[in-house]
Number of protein chains: 2
Amino acid sequence: MDFSRFQPVMDEVDSTIESVLEGKPENLYTASSHIITAGGKRIRPLLCILACRAVGGSDRDALSTAAALELIHNFTLIHDDIMDDDDLRRGKKSVHRVYGHATAILAGDLLFSKAFELCDNRTTKILAKASARICEGQEMDMSFEGRVDVTEQEYIEMIDGKTAVLLEAAVRAGAVLGNGSEDEVKNLASFGLNVGLAFQIKDDLLGVTADEEKLGKPVGSDVIKGKKNLPVIKALELLGGNKRERLTDILSKKDNTYVEVRAAVSLIEKSGSMNYCRERMDYYAKKAGDSLMKLRESEARDALSELSCFITERDL
Amino acid sequence: MDFSRFQPVMDEVDSTIESVLEGKPENLYTASSHIITAGGKRIRPLLCILACRAVGGSDRDALSTAAALELIHNFTLIHDDIMDDDDLRRGKKSVHRVYGHATAILAGDLLFSKAFELCDNRTTKILAKASARICEGQEMDMSFEGRVDVTEQEYIEMIDGKTAVLLEAAVRAGAVLGNGSEDEVKNLASFGLNVGLAFQIKDDLLGVTADEEKLGKPVGSDVIKGKKNLPVIKALELLGGNKRERLTDILSKKDNTYVEVRAAVSLIEKSGSMNYCRERMDYYAKKAGDSLMKLRESEARDALSELSCFITERDL
């Protein structure tokens, strides 16, 4: 997908973000800026702005909330990295690895505060509700680590919170800010939620197959931590006998060797689970597309459709 | 101070808080409720409601924001306890000691989210700005631990963020919700800020002198962690030669013995620092009272005045 035509408005989003990330103590503000300035695809701000456009609103209406969404996303990344003890993010050391746990907790809290300082009052409740659901999703994700019997339904509930609700909130907020009709808000929200589910399944697939350099984190890192992503859940269901036992052993063990992680990845790949996951991803992407097509034709609608394809076809 | 006449409205605040603390995963919600249901003086909600009354508003206007303020306060307590590695809070084990670091981080994040779900839209920016300043104050507080040259001015800037701004936000929000005039909002905010500074200095004094059972945490815990509270800062200034060196040594050392902590407390007490701190506390309490007296006479104003006296005279 060629994002370049959105560069001007995304630059405005970035300026808005930067404007709230200047302050003292300097150590705290540089910690808060650490990963947000290191890149990121700015998918949530873009979704918000395109949704606003799609219902006839102007970028100006959505700008501050678009920036707030990216702040919330980065707040969750910083705290998730602490909780999951991840060393890398966007190819850089994670915030707590550079600044220590205490300042990293605060750096996340600061981004969260700034998001609510920034966002349009009409979207406060949308963002706050999504944030609460993200916490619920992350708690579920962690609680799955000690289990090998997680169902696909539980998984969907978990990624609904962990990932999809913020994408839903992004388009819902954009639609509200552009004064969309009730139907437009509903259809865009449904688009966002289903894109979000497809997005997370894609992320899980990449976590098994993508190469380390592109991904910016080690291949099989979910396996190492015993995370129950969909490829793992489905592989446990599809594999029989010894193979299932072997995979269960590796997932339950701490401190797996490189060879063991590769063995687990190989078992997942050979189980047929990856194809199943791709089908589920396509299912949610199609649902997203169907909701989108209920909107009137517009350049913004086309761009949202493109963005949805990009999400399911990306290789990082 | 006899709080009993406020019991009915404080019960309503507690019901409002409880209503947002029911949900799943249960583990996360019980972690979020752990210290908020263990007591606490509910000073911030009470300040908010009394400020609202003082400008002629009704309790109903302030209720949801009053509850949100208590959620924000408890969010900061949970995260502060992780950062400071405190074992006890309100006489109970701290959240991270019971639920682990990861769930404790999330429990704080959830309270923070719920606060913005709950608060009146007219007060979102007040609460968000205060939250950002709390992060700044906490970062300063931590950065002081490695220093012995912290000035009183730096200390005031730190407690302004860490403590006073949320009390200021509480009365400011109450005044806004009660449709107070610009002058009323300004005077109440000034009252809140100065009460907040007095409150924190009182807290510091209690940290040196109060008995462990009442306080719910070990005496001298600030000394143990090398915290630079006002009694410590002023003692370092007032003590000469060997005594100053001895105090500096203890503050800089990790893993002090009980005897060393008692020695430090004794040095602080003998330095004359405690009297100085009481004078500073009275100074801010008087400034608070002066701002309050600019408001028209009312029962609520009298209650705020009483609350201010309670804060400086309490023994826990």
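On a predicted model such as this, the values are computed, not experimentally measured, just so you know.

S.K.: In this structure, what is going on with helix H13 (residues 241–252) of chain A? I would like to understand it.
M.R.: Side chains three or four residues apart in an α-helix point the same way, a direct result of the helix having 3.6 residues per turn. With twelve residues, H13 of chain A extends 17 Å from end C-alpha to end C-alpha; this agrees with the ideal 16 Å at 1.5 Å per step. The secondary structure elements touched by the buried residues of H13 of chain A are helix H11 (221–224), helix H12 (230–238) and helix H14 (258–270) of chain A.

S.K.: Looking at this model, I keep getting lost on the interface of chain B and chain A. Mind explaining?
M.R.: Bring the parts together and some accessible area is lost; that lost area is often taken as the interface size. Listed as interface residues are 35 residues of chain B and, on the opposing side, 35 residues of chain A. Of the roughly 3,000 Å² buried where chain B meets chain A, counting both sides, 67% is carbon and sulfur surface. Per-residue buried area on chain B facing chain A is highest for Leu 106, Lys 125 and Glu 139 of chain B; these three make up 19% of the total on that side. Put simply, chain B and chain A have zero salt bridges between them. Of all the secondary structure elements, the ones that give two or more residues to the side of chain B that touches chain A are helix H2 (26–33), helix H4 (59–84), helix H6 (101–118) and helix H7 (124–144) of chain B. Of the residues contributing to the side of chain B that touches chain A, the split by class is 19 nonpolar, eight polar and eight charged.

S.K.: I would appreciate a short explanation of the packing of helix H9 (residues 182–209) of chain B against helix H16 (residues 299–313) of chain B in the present structure.
M.R.: Each pair of packed helices gets described by two things: the angle between the helix axes and the distance between those axes. Residues and elements named next belong to chain B. At their nearest, the axes of H9 and H16 sit 8 Å apart, and the two run at 20° to each other. Considered as vectors, H9 and H16 are oriented roughly parallel to each other. Along this stretch, H9 crosses H16, giving a crossing that reads as left-handed. Residues Leu 188, Phe 191, Val 195, Ala 198, Phe 199 and Lys 202 of H9 pack against Leu 304, Ser 308, Ile 311, Thr 312 and Glu 313 of H16. Taken together, the residues of the contact of H9 with H16 break down into seven nonpolar, two polar and two charged.

S.K.: In this structure, what is going on with the relation of the copies chain B and chain A? I would like to understand it.
M.R.: There are two copies of the chain, and a rotation about an axis plus a shift along that axis relates them. Once chain B has been moved 0.0 Å along the axis and rotated by 180°, it coincides with chain A to within an RMSD of 0.0 Å. One copy is carried onto the other by what is essentially a two-fold rotation axis. When each C-alpha of chain B is compared by its distance to the rotation axis, Asn 121 of chain B comes out closest, at 3.2 Å. Mapped onto chain A, 100% of the interface residues of chain B are again interface residues, and the two copies thus contact each other with one and the same surface.

S.K.: Got a minute to help me understand the pattern of salt bridges in this structure?
M.R.: As a working rule, side chains carrying opposite charge can pair if their charged atoms are close by. Evaluated as defined, the whole model comprises 50 salt bridges over all chains. Put simply, Glu 184 of chain A and Arg 296 of chain A hold a salt bridge, and the shortest N to O gap is 2.7 Å. Note that Glu 184 of chain A is positioned in helix H9 (residues 182–209) and Arg 296 of chain A in the loop between helix H15 (273–293) and helix H16 (299–313), a separation of 112 residues in sequence. Residue Glu 168 of chain B is joined to Arg 172 of chain B by a salt bridge in which the shortest nitrogen-to-oxygen separation is 2.8 Å. Of this pair, Glu 168 of chain B and Arg 172 of chain B both sit in helix H8 (residues 152–177), separated by four residues, roughly a single helical turn. Owing to a relative accessible area of 15%, Glu 168 of chain B belongs among the buried residues under this scheme. Of the residues examined, Arg 172 of chain B reaches a relative accessible area of 28% and is grouped as partly exposed.

S.K.: Would you mind showing me how to read the packing of H4 of chain B against H8 of chain B here?
M.R.: Residue and element names in this part refer to chain B. As a packed pair, H4 and H8 sit with axes 9 Å apart at the nearest point and diverge in direction by 165°. Considering the angle they form, H4 stands roughly antiparallel to H8. Crossing of H4 against H8: the hand is right-handed. Between H4, through Asp 61, Ala 62, Thr 65, Leu 69, Ile 72 and His 73, and H8, the contact on the second element is made entirely by Leu 166, Ala 169, Ala 170, Ala 173 and Leu 177.

Conventions we followed
- Residues numbered from 1 in each chain as written.
- Chains lettered and ligands numbered in written order.
- Predicted model: local features only at pLDDT ≥ 70, side-chain atom pairs only at ≥ 80, totals over all residues.
- Heavy atoms only, no water.
- Helix = DSSP H or I, 4+ residues; strand = E, 2+ residues; numbered from the N terminus.
- Expected span 1.5 Å × (residues − 1).
- Contact = heavy atoms within 4.5 Å.
- Buried area = accessible area lost by both parts, 1.4 Å probe.
- Salt bridge = Lys/Arg side-chain N within 4 Å of Asp/Glu carboxyl O.
- Nonpolar A, V, L, I, M, F, W, Y, C, P; charged D, E, K, R; others polar.
- Axes fitted to C-alpha atoms, helices over the stretch in contact; angles between N-to-C directions.
- Parallel < 35°, antiparallel > 145°, perpendicular 65-115°, else oblique.
- Left-handed = near helix turned anticlockwise from the far one by under 90°.
- Least-squares fit on C-alpha atoms with pLDDT ≥ 70 in both.
- Buried < 20%, exposed > 50% of the residue type's maximum accessible area, 1.4 Å probe, protein only.

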